[in-house]
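Residues per chain, in single letters:
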Amino acid sequence: MSGTSPGLQPPADAVKPVRHAEAPAPGELLGAHYGQCFGCGGDQPHGLHLQARAGEGVSITAEFTVRPAHQGAPGLAHGGVLASALDETLGSLNWLLRTIAVTGRLETDFRLPVPVDTTLYLEAEVTAVAGRKIYSTATGRIGGPEGPVAVRADALFVEVKVDHFVENGRDEEIRAAMDDPDQVRRARAFEVNP
């Protein structure tokens, strides 16, 4: 980015992130954390259907293909959709820390237009942790995983308790997620920004 704001700079006492011992192995597909999630859920017909894989350390790779429902200007991805893809990718990092966290701040930089039917290749990593704050960065490339950077973002996630979702979410969806017999899916439903 041309100049990350002070709110996204880790403090001097921040520590290097540590991958949780039970995090998915490098190369493992993370899967959707919640079927209704716009970013990764399979139950959203116009969602991104973003596919994320665990990387080395506290990093992931992901990709999604821009479809006609994702356009802003004719034939080009909407900037808000690209920001959503970055946010979803960054939020998925928290699964490697086994931390429930929400987006506190997201700053995006749009460098190149992303045409409809283009696959966006995303990479993200946690750069530092300071108490409940998790600092991370992501890039989105076109033309392949080594192609030119089209979008990038820096983010600050804040660790929260599951109560954050229970107290603020809609009762019907909260009950359905909490009643899921699959413990992993139940826990993952509350892992990223609502």
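Just so we're clear, the structure is a prediction, and the values are computed from it rather than from any experiment. The numbers attached to residues start from 1 for each chain and follow its sequence in the written order. Local features in a predicted model are, by the rule used here, given only for residues with pLDDT of at least 70; side-chain atom pairs are given and counted only at 80 or more, and totals for whole chains, interfaces and linings are based on all residues. In computing side-chain values, all of the structure's heavy atoms are included and hydrogens and water are not.

What about the side chain of Glu88?
Then, in step 1: Within the secondary structure layout, Glu88 lies in helix α1 (residues 79-92).
Then, in step 2: In this description, contact between two residues means that some pair of their heavy atoms is separated by no more than 4.5 Å. In contact with Glu88, other than residues within four places in its own chain, are His33, Cys37, Gly39, Cys40 and Leu50. The helix count covers DSSP runs of H or I at least four residues long, the strand count covers runs of E at least two residues long, and both are numbered beginning at the N terminus.

A closer look at the sheet that holds strand β2 (residues 59-65)
Then, in step 1: When DSSP finds two or more bridges between a pair of strands, those strands are recorded as paired. Pairing in this open sheet of six strands is antiparallel, and the strands run β1-β2-β4-β5-β6-β3 from one edge to the other. With one partner strand each, in any of the chains shown, β1 (51-54) and β3 (101-110) form the two edges of the open sheet. Within this sheet the neighbouring strands show an average axis-to-axis angle of 20°, counted without direction.
Then, in step 2: Pairing between β2 and strand β4 (residues 119-130): seven bridges, direction antiparallel. Residue pairing for β4: Glu63 is matched across the bridge by Tyr121. Axes, fitted as lines to C-alpha atoms, cover a helix only where it is in contact. Angles between the N-to-C directions of the axes lie from 0 to 180 degrees.

Focus on the pattern of salt bridges
Then, in step 1: By salt bridge we mean one thing: a side-chain nitrogen of Lys or Arg within 4 Å of a carboxyl oxygen of Asp or Glu. Under the counting rule described, the total for this entry stands at three salt bridges.
Then, in step 2: We note a salt bridge from Arg105 to Glu107, for which the minimum N-O separation is 3.0 Å.
Then, in step 3: We call a residue buried when its accessible area falls under 20% of the maximum for its residue type, exposed when it is over 50%, and partly exposed in between, using a 1.4 Å probe and counting protein chains only. Look at Glu107 and you get buried, because its relative accessible area is 14%.
Then, in step 4: The partner of Arg111 in a salt bridge is Asp109, with the nearest N and O atoms 3.3 Å apart.
Then, in step 5: Of the residues examined, Arg111 reaches a relative accessible area of 46% and is grouped as partly exposed.

Here we look at the nonpolar core
Taken as a class, soluble globular proteins show a tendency for nonpolar side chains to be buried jointly.
Then, in step 1: Counting 37 residues, the largest nonpolar core has Leu50, Phe64, Leu90, Val114, Leu120 and Leu122 as its most contacted members.
Then, in step 2: Elements supplying a minimum of two residues to this core: β1, β2, α1, α2 (94-97), β4, β5 (133-141) and β6 (149-159).
Then, in step 3: Residues Ala128, Ala130, Tyr135 and Leu156 belong to the second largest nonpolar core, which totals five residues. Note on terminology: a nonpolar core comprises buried Ala, Val, Leu, Ile, Met, Phe, Trp, Tyr and Cys residues joined through side-chain atoms within 4.5 Å.

Quick look at α1
Then, in step 1: The length a helix should cover is 1.5 Å for every residue beyond the first. Counted at 1.5 Å a residue, the expected span for α1 with its 14 residues is 20 Å, and the 20 Å between its end C-alpha atoms agrees.
Then, in step 2: Counting buried residues along α1, eleven of its 14 residues qualify, which places the element largely inside the surrounding structure.
Then, in step 3: Inspection of α1 places Val81, Leu82, Ala83, Ala85, Leu86, Asp87, Glu88, Thr89, Leu90, Gly91 and Ser92 among the buried residues, and these make up the whole buried set.

Observations regarding unusual backbone geometry
Then, in step 1: Even without a glycine there, the phi angle at His49 is positive, about 55°.
Then, in step 2: Inspection of the secondary structure assignment puts His49 in the segment before β1.
Then, in step 3: Given the relative accessible area of 27%, His49 is considered partly exposed.
Then, in step 4: Of note, the phi angle at Asp117 is positive, near 75°, even though the residue is not glycine.
Then, in step 5: Within the secondary structure, Asp117 sits in the loop between β3 and β4.

Details of the pairing of β2
Then, in step 1: Pairing of β1 with β2, which is carried by four bridges, proceeds in the antiparallel orientation. Within β2, the position partnered with Ala54 by the bridge is Ile60.
Then, in step 2: Where β1 folds back onto β2 in an antiparallel hairpin, the turn is made up of four residues, including Gly57, whose phi is positive at roughly 60°.

Let's talk about the environment of Arg19
Then, in step 1: Along the polypeptide, Arg19 turns up in the segment before β1.
Then, in step 2: Take Arg19: its relative accessible area is 22%, and that puts it in the partly exposed class.
Then, in step 3: Separated by 39 residues in the primary sequence, Arg19 and Val58 have C-alpha atoms spaced 5.5 Å apart.
Then, in step 4: In contact with Arg19, not counting residues within four places along its chain, are Pro24, Ala25, Pro26, Ala54, Gly55, Glu56, Gly57, Val58 and Leu96.
Then, in step 5: Polar side-chain contacts of Arg19 include one of 2.3 Å to the backbone oxygen of Pro24.
Then, in step 6: In protein, a polar contact requires one atom able to donate a hydrogen and another able to accept it; more generally it is a pair of N or O atoms within 3.5 Å, and residues adjacent in sequence count only if both atoms are side-chain atoms. Within polar-contact distance, the side chain of Arg19 engages the backbone oxygen of Gly55 at 2.7 Å.

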